[in-house]
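Commentary on secondary and tertiary structure
Here are the chains, one letter per residue:
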Amino acid sequence: MNMLNRTLSFRPGLWLWLFLAPGLVADGPQASTGKTQPVVNAHPMKFGVLLDFASYVSPVRPPFGERFPPQHNRIARLLTYTPPEKTLFKYLESLYDTGAEIIRIDFYFDPWLLQHSPDAKQRRWAKERLPVFDRVVKKIRKDGKKLFIADAGAGYYATFGNKNHPLPWKEFREAQKKEIATLARRYKPEYYEIVKEYSWYSDWGMIKERPSAEEWAEQTEQLCGIVKKINPSTKVAIGLIVQSELDAAVAKRVVGSACLDIIGVDIYSDQDIEIVKQKHFSRSVHEHGKEAWLLETWTGFVGSYGEPQREQSDAAWIRKAAAFAREQGMDGFIPFFSSHFFFYDMPPGWETVSQEKLDDLFTRFFDAKLSERTAVFRAFRDSVQMKAAR
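This one's a predicted model, so the numbers in the text were calculated from it and none came from an experiment.

With respect to the packing of helix α11 (residues 270-278) against helix α13 (residues 311-327)
- Put simply, α11 and α13 touch, their axes get as near as 12 Å, and they point 10° apart. Relative to α13, the element α11 is oriented roughly parallel. Residues Asp270, Ile273, Val276 and Lys277 of α11 lie in contact with α13, whose contacting residues are Trp317, Lys320 and Phe324.
- Considering only residue class, the contact of α11 with α13 consists of 4 nonpolar, no polar and 3 charged.

A word on the pairing of strand β2 (residues 102-107)
- Judged by how many residues are buried, β2 sits mostly within the fold: 6 of 6 residues are covered.
- Residues of β2 alternate between two faces, with Ile102, Arg104 and Asp106 on one and Ile103, Ile105 and Phe107 on the opposite face, all of them buried.
- Pairing analysis gives 3 bridges linking strand β1 (residues 46-50) to β2, with the strands arranged parallel. Looking at β2, one finds that glycine 48 is bridged to isoleucine 102.
- In this sheet, strand β3 (residues 146-151) lies alongside β2 in parallel orientation, the contact comprising 6 bridges. Looking at β3, one finds that isoleucine 102 is bridged to lysine 146.

Quick look at the packing of aromatic side chains
- Applying the stated rule across the entire model yields 37 aromatic pairs.
- Aromatic pair phenylalanine 53 and phenylalanine 362: ring centres 6.0 Å apart, planes at 80°, arrangement edge-to-face. Of the two residues, phenylalanine 53 sits in the loop between β1 and α2 (64-67) while phenylalanine 362 sits in helix α14 (residues 355-369), which places them 309 residues apart along the sequence. Summarising the burial analysis for this pair, phenylalanine 53 and phenylalanine 362 share the class buried.
- Residues phenylalanine 362 and phenylalanine 365 carry aromatic rings whose centres are separated by 5.3 Å and whose planes lie at 50° to one another, so their mutual orientation is tilted. Note that phenylalanine 362 and phenylalanine 365 are positioned in helix α14 at a spacing of 3 residues, about one turn of the helix.
- By relative accessible area, phenylalanine 365 is classed as buried at 12%.

Definitions and cut-offs
Residues numbered from 1 in each chain as written. Predicted model: local features only at pLDDT ≥ 70, side-chain atom pairs only at ≥ 80, totals over all residues. Heavy atoms only, no water. Axes fitted to C-alpha atoms, helices over the stretch in contact; angles between N-to-C directions. Helix = DSSP H or I, 4+ residues; strand = E, 2+ residues; numbered from the N terminus. Parallel < 35°, antiparallel > 145°, perpendicular 65-115°, else oblique. Contact = heavy atoms within 4.5 Å. Nonpolar A, V, L, I, M, F, W, Y, C, P; charged D, E, K, R; others polar. Buried < 20%, exposed > 50% of the residue type's maximum accessible area, 1.4 Å probe, protein only. Pairing = 2+ DSSP bridges. Phe/Tyr/Trp six-rings, centres within 6.5 Å; stacked < 30°, edge-to-face > 60°.

None of this, on its own, says anything about what the molecule does.
Structural data, given as C-alpha cells:
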C-alpha cells in the first residue's frame, strides 16, 4: 500500500506545467513541435484492480509511528498480514466479480531477495512465499485476466530492513534492474510499471541519496529496454505523482521515449484532478503516441481501515475519478485499496492480539468479509459496466 506523506518536495501545479506545456514536453529529436491537436481515444477504457494483500509482501516492516500521525498507525499491524493461499485465491475470485480485466500486483522484491538472506527465518519465509506468487499468476492467466506488475522496490532495501540500508543510488540502480529482469522473465506480464512514482523510492527510505531527474531518466530507459528484450509485447508504464517536481522533470525527459507505452498519474485529491484537467494530461500523452492511465486513486494515501463512516464518500470518489478518467479520454483506470471492496471495519481484538495470532484472526475475518460487497465495490463495478455498455 502506498502510504507516503507526499507533502515532501511538492509545489502544487508546477509539475504538469513543466511536463505538458507545448514545446517543453520532451527533450531530444522526438520533442513536441508546440502544435496542439485534439486526440480522441476511440477505445474503451480498461479497468484493473490491485490484489491488495499480495502486494508489498515483506517480513520487514516500517516503524509507522515515526512516519505517520497516530490515526494512521491502525494499519501498521494490518500490513504484517499475508493471507494463506486459499484465502488469496478467494480474494482474487471476488475481485473478478467487479468485471475488471486486469489484476495488478505491486511486487516488493523481498521474496526473491531473501532467498539468500543470512537469516534462516527470512530464507524459510521466501521459500514459502515464492511458489504462492507463481500459483497466483498462473491462476490469473488461467482465468483469462491480464497481469499488471508494478515495481515497488523492496522493504528490505529501506532503512528499517537492514542496518546496511538504504542502498546508495549506484547499488539501488543495479538491484532494480535485477528485480525488473527477474519478474519480467518469470511472469511476462501484459503490463509492467517499471517505476512507481519517482519520488517514492527516496521518500520511503530505499535510496540513500535523491537521484536527479537525469539519472532517473537514464534508469527508466534501461529498465524499459530490459523488459522489452525479454518480452517485446509487454506494455511498459511509468507512474507519476501529480504534484512532485522530480516526477515532472523525469517525465519531461522520457515522454518522447520510443520504448515506453504508458504514462500514468496517481490521483489522490480534488487538486490533483484539477491540475491534470487544466494541463490536458491525456491529450499531451496521446500526442506522443503513448497511452494515458489513471494508475492509482483513492480519497487518501492510507485507505480507510477502521473508518466505516468513509464508505459512502469513498464510493462517491471512485465514481467521480472513473468518470473523470473517461471524460479525459484516458486508456486505463485502477483504484488502489481494493480490500475496501469487502470491508471497512476491523476484527474485534485486532489491536491487542499477539502478532503470532494476528494472521489467524484476520484470515477468519477476511474469509467471512469476502462474501460481502461494499458501496465502493458497487461503485467500481458500475463504472466497469458503464464501459461495457458504451
